[in-house]
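Observations on chain architecture
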Amino acid sequence: MTKPDFEQHFREGIEHFNARRFWEAHEAWETLWLEAESDLEQFLQGLIQVAAAYHHVQRGTYRGAPRLFDAGLRRLEPFPMLCCGVDRTEVDAAARRHWKWLESKPQSPLDGGEYPRLLIPDNDAIAPTPLQW
């Protein structure tokens, strides 16, 4: 059995996340997560959980989002902010800020411009190490 194309699904997840299609990002990354080995599994699961948290925020179903932000950020914490070619600095900072925002029991939704984006500083660097995939 062959593994799914990492770069294709990873990029799809990034594109969906940046377009605020968080459920679709979750699905693209889950395809990889199900086949991942070593620490890459934790990295992907962290991204999936943060995307799922933003999916809840976007839908206004805030109750599950704080737990997902917490779990996702904890999983991502051991990894550098630039990992597998993606810079998640903005996402990490925003997720922490939005987690606290949720604690204040917000009455209005996030403005579209408040959702973070994943950055790709080097298009050729999107890939895990061979030992991870």
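So, here is what we can say about the structure in this document. (Residues numbered from 1 in each chain as written. Predicted model: local features only at pLDDT ≥ 70, side-chain atom pairs only at ≥ 80, totals over all residues. Heavy atoms only, no water.)

Topic: helix α2 (residues 22–33)
Taking 1.5 Å of rise per residue, 12 residues should cover 16 Å, and α2 covers 16 Å from first to last C-alpha, within 8% of that figure. Listed as buried for α2 are Phe-22, Ala-25, His-26, Ala-28, Trp-29 and Leu-32. End-on, the buried residues of α2 take up no more than an arc of 170°, which puts them together on one face. The secondary structure elements touched by the buried residues of α2 are α1 (6–18) and α3 (40–59). (Helix = DSSP H or I, 4+ residues; strand = E, 2+ residues; numbered from the N terminus. Expected span 1.5 Å × (residues − 1). Buried < 20%, exposed > 50% of the residue type's maximum accessible area, 1.4 Å probe, protein only. Arc of directions from axis to C-beta. Contact = heavy atoms within 4.5 Å.)

Here we look at the packing of helix α4 (residues 65–76) against helix α5 (residues 89–103)
Interhelical geometry of α4 versus α5 gives an angle of 150° and a closest axis separation of 9 Å. By the angle between their directions, the pair α4 and α5 is classed as roughly antiparallel. The crossing of α4 and α5 is left-handed. Contacts between α4 and α5 pair Ala-65, Pro-66, Phe-69, Asp-70 and Leu-73 from the former with Asp-92, Ala-95, Arg-96, His-98, Trp-99 and Leu-102 from the latter. (Axes fitted to C-alpha atoms, helices over the stretch in contact; angles between N-to-C directions. Parallel < 35°, antiparallel > 145°, perpendicular 65-115°, else oblique. Left-handed = near helix turned anticlockwise from the far one by under 90°.)

Some thoughts on the nonpolar core
If you look at the biggest cluster of nonpolar residues, it comprises 38 residues, and the most contacted ones within it are Phe-10, Phe-17, Trp-29, Phe-43, Tyr-54, Val-57 and Phe-69. Top element by residues in this core is α3. It accounts for 11 residues. (Core = buried A, V, L, I, M, F, W, Y, C linked by side-chain atoms within 4.5 Å.)

Here's the deal with the pattern of salt bridges
A side chain of one charge can pair with a side chain of the opposite charge when the charged atoms of the two come close. Under the defined criterion, the tally for this structure stands at four salt bridges. Here Arg-74 makes a salt bridge to Asp-70, at a shortest N to O gap of 3.2 Å. Within this pair, Arg-74 and its partner Asp-70 are both found in helix α4, separated by four residues, close to a single helical turn. Relative accessible area serves as the criterion here: at 52%, Arg-74 is assigned to the exposed category. Put simply, Asp-92 and Arg-96 hold a salt bridge, and the shortest N to O gap is 2.9 Å. Placement of both Asp-92 and Arg-96 in helix α5 is noted, with a separation of four residues, approximately one turn of the helix. Owing to a relative accessible area of 9%, Asp-92 belongs among the buried residues under this scheme. (Salt bridge = Lys/Arg side-chain N within 4 Å of Asp/Glu carboxyl O.)

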